[in-house]
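Structural features, examined
Listed here are the chains, written in short residue letters.
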Amino acid sequence: MLIQKWVLSGEKSDRKVRTLAFSNDLIPVFLLCVACFTLVATLLYRLMYAVIHNRIADEHIKILDWGAFRISVIHSLLLTLGFSVTRDDFIELRSVANQQAIEIERIYKGLGWSSDPEAAIIRAKVAELANVLVNEEWPLLSEGELSLAADALMREIGTGLMHLRSNANEPIAEDLLTSHLVVQETRATLSLNVLSGPTRLFWTIASVGFVFSAICLLAYPLSSASTAVMAMFAALNGAVLFGIVVMGNPFERIVKVTPVSLEKVIERSF
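In what follows, the accompanying structure is described. Every value quoted in this text rests on a predicted model; they were computed, and no experiment measured them.

1. Some points on the overall build of the protein
- Helices and strands together make up the secondary structure of the protein, namely nine helices and zero strands.
- Sequence-ordered secondary structure for the protein, helices as α and strands as β, is α-α-α-α-α-α-α-α-α.
- Counting across all 270 residues of the protein, residues that qualify as buried make up 43%.
- Counted over contacts in the protein with a minimum sequence separation of 6, partners at least 24 positions apart contribute 83%.
- Here the protein has roughly 14700 Å² of accessible surface; of this, 65% comes from carbon and sulfur atoms.

Pasting the structure below:
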């Protein structure tokens, strides 16, 4: 029952993270960025049309017409893949943050069942660790760093749990040591997130794909319809690229993972 309760509490925290991961500035900033991207792209399209279209031979226009759909499809697949990978990384990181909170709560509550006097000392260090992770280590994660104070507390907690395990009357210490290792793994995963995200190669290919797709649209006569198609194409690209950018580093953007799960554990358990 207790394990089930921990799992359910983790799911509730996950829902809360979803709520708090998106700041109130998200929609205005999103609309502004997409609008600016669309405006600039549309103006450049009309400028390119005025400069280049009359110099394109009829047979070349047919080739551009043939390539417009094909190049735009490849470009769209690339953007979809980039967005999907970035979103999956973001969701996985959010799950790691929730798992860290669950395991810390598990250690804290498990130590409460122990009759060994040393368990109370370790339990106090677990509570201190949770506060250090929220207030000191979390702001460092955007730079890929870990808190030295948290490292020291992890060592002390691990040493204490190993002492408890040596006591034949404390078999639960083995499970708590496993949770201790999971907490350390989650810390490492969160700190190494700065190494993930789209590479420069992705941004280069995405930019080239957008330009090539826009050039192919020059095959069609300039009209309100062709301008509208270009604007919609640019708006869609801007929206996808915005999502990739803001989720690329989820510790410092307006869409970010927060330690709300761990804060909830501190509030209800410590």
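2. Quick look at the environment of F212
- Looking at the element boundaries, F212 is found in helix α7 (residues 200-216).
- Among the residues examined, F212 registers a relative accessible area of 46% and is labelled partly exposed.
- Residues F212 and G67 lie 145 residues apart in sequence; the distance between their C-alpha atoms is 9.3 Å.

3. Description of the pattern of salt bridges
- In the structure shown here, the tally under the stated rule is six salt bridges.
- Note that K109 is salt-bridged to E105, the shortest N-O span being 3.4 Å. On the criterion of helical spacing, the pair formed by K109 and E105 is a turn pair, its members being four residues apart in helix α3 (residues 58-112). Both residues of the pair, K109 and E105, count as buried.
- Each of the salt bridges in this network shares a partner with another, and the network as a whole consists of E105, K109 and R268.

4. Digging into the nonpolar core
- Counting residues in hydrophobic clusters, the biggest one holds 27 residues, and the most contacted among them are L111, V126 and L161.
- Broken down by element, this core gets its largest block of residues, nine residues, from helix α4 (residues 117-137).
- Each residue touching V126, except ones within four places of it in the same chain, is listed here: I104, I107, Y108, L111, I157 and F270.

5. Details of the environment of A219
- Along the chain, the position of A219 falls in the loop between α7 and α8 (224-248).
- Classification of A219 as buried rests on a relative accessible area of 10%.
- Sequence-wise, A219 and L64 are 155 residues apart; in three dimensions their C-alpha atoms are separated by 5.7 Å.

6. A look at the packing of aromatic side chains
- Under the criterion given, the structure shown has six aromatic pairs.
- Between F30 and F242, the aromatic rings sit 5.3 Å apart at their centres with planes inclined by 65°, giving edge-to-face as the arrangement. In this pair, F30 is assigned in helix α2 (residues 26-52) and F242 in helix α8, connecting sequence segments 212 residues apart.
- A residue is classified by how much of its surface remains accessible, and F242, at 11% relative accessible area, is buried.
- Relative to W203, the ring of F202 lies with its centre 5.3 Å away and its plane at 70°, an arrangement referred to as edge-to-face.
- One aromatic cluster is present, formed by F37, F210 and F233 through successive ring pairs.
- Between the NZ or CZ atom of R123 and the centre of the ring of Y108, over which it lies, the distance is 3.9 Å.

7. Quick notes on a nonpolar patch on the surface
- Where nonpolar side chains cluster on the molecular surface, the patch consists of V40, L44, L47, V51 and I52 and spans about 420 Å² of accessible area.
- Summarising the element assignment, V40 is placed in helix α2.
- Residue classification places V40 among the partly exposed residues on the basis of a relative accessible area of 47%.

Basis of the calculations
- Residues numbered from 1 in each chain as written.
- Predicted model: local features only at pLDDT ≥ 70, side-chain atom pairs only at ≥ 80, totals over all residues.
- Heavy atoms only, no water.
- Helix = DSSP H or I, 4+ residues; strand = E, 2+ residues; numbered from the N terminus.
- Buried < 20%, exposed > 50% of the residue type's maximum accessible area, 1.4 Å probe, protein only.
- Contact = heavy atoms within 4.5 Å.
- Areas by Shrake-Rupley, 256 points an atom, 1.4 Å probe, with all protein chains shown as cover.
- Salt bridge = Lys/Arg side-chain N within 4 Å of Asp/Glu carboxyl O.
- Core = buried A, V, L, I, M, F, W, Y, C linked by side-chain atoms within 4.5 Å.
- Phe/Tyr/Trp six-rings, centres within 6.5 Å; stacked < 30°, edge-to-face > 60°.
- Lys NZ or Arg CZ within 6 Å of the ring centre and 35° of its normal.
- Patch = residues over 30% accessible without salt bridge, like charges linked within 9 Å, V, L, I, M, F, W, Y side chains within 5 Å.

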